[in-house]
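The lines below spell out each chain.
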Amino acid sequence: MRSLSLQEATRLAEQTAAVAEGHIPYGSGLGAPASFTLAWLMAGAGVEDIRVASGSSGMGDHFWIETAQWRIDPTLRQFPHLNHRPLVEPVTGPGNFDAVKYHSVPASREEAVREVSYGFRNAAETEAFVSEMTAAVDL
């Protein structure tokens, strides 16, 4: 198993953000798909202690990833008032949102696709997003 440096975690967050932002106008609802897909990819690469967290953003549920070291929030930029905040912060400090629930990391590609499907209009869009994430995220 492995952990991530701040540089690696930031690179993953930026790569994920680029994919999510490319799916605007759905970008504002891509916190869950981006977080579940990135968590699945990270787990497959041997990163340890991963969980997907969610809490209220004031506009609805928001999702991010927590590891033993980092809070990785690849879709944070959808909140203009938080654009000055980094996409990755130490998990020991206060987060942008309070975690209300923790979710299991998808164990397979099929689970990842199923978990993220509600963020898209149809199966083709869902599959395209997961495929794009798989190609873009360099672990």
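Our subject is the structure listed above.
Residues numbered from 1 in each chain as written. Predicted model: local features only at pLDDT ≥ 70, side-chain atom pairs only at ≥ 80, totals over all residues. Heavy atoms only, no water.

**Q** Run through unusual backbone geometry, naming residues and quoting values.
**A** For Asp 49, which is not a glycine, the phi torsion comes out positive at approximately 55 degrees. Mapped onto the elements of the fold, Asp 49 is located in the loop between helix 2 (31-44) and strand 1 (51-56). (Helix = DSSP H or I, 4+ residues; strand = E, 2+ residues; numbered from the N terminus.)

**Q** Report on the pairing of strand 1, specifying residues and quantitative values.
**A** Judged from the six bridges that link them, strand 1 and strand 2 (residues 61-66) form a sheet pairing that is antiparallel. Paired with Gly 55 across the two strands is His 62, which belongs to strand 2. As paired strands, strand 1 and strand 5 (residues 101-103) are joined by three bridges and run antiparallel to one another. Across the sheet, residue Ala 53 finds its bridge partner in strand 5, namely Tyr 102. (Pairing = 2+ DSSP bridges.)

**Q** Could you give me a rundown of the packing of aromatic side chains, with the residues and numbers involved?
**A** On inspection of all chains with the given rule, the structure shows three aromatic pairs. Taking 6.3 Å as the distance between ring centres and 35 degrees as the angle between the ring planes, the aromatic pair formed by Trp 64 and Phe 97 counts as tilted. Here Phe 97 lies in the loop between strand 4 (88-90) and strand 5 and Trp 64 lies in strand 2, a separation of 33 residues in the sequence. With a relative accessible area of 2%, Trp 64 lands in the buried category. A residue is classified by how much of its surface remains accessible, and Phe 97, at 10% relative accessible area, is buried. The interplanar angle of 40 degrees and the centroid separation of 5.1 Å between the aromatic rings of Phe 120 and Phe 129 together place this pair among those described as tilted. For Phe 120, a relative accessible area of 9% puts it in the buried group. Here the guanidinium or amino end of Arg 51 rests over the ring plane of Tyr 102, the centre of that ring lying 3.7 Å away. (Phe/Tyr/Trp six-rings, centres within 6.5 Å; stacked < 30°, edge-to-face > 60°. Buried < 20%, exposed > 50% of the residue type's maximum accessible area, 1.4 Å probe, protein only. Lys NZ or Arg CZ within 6 Å of the ring centre and 35° of its normal.)

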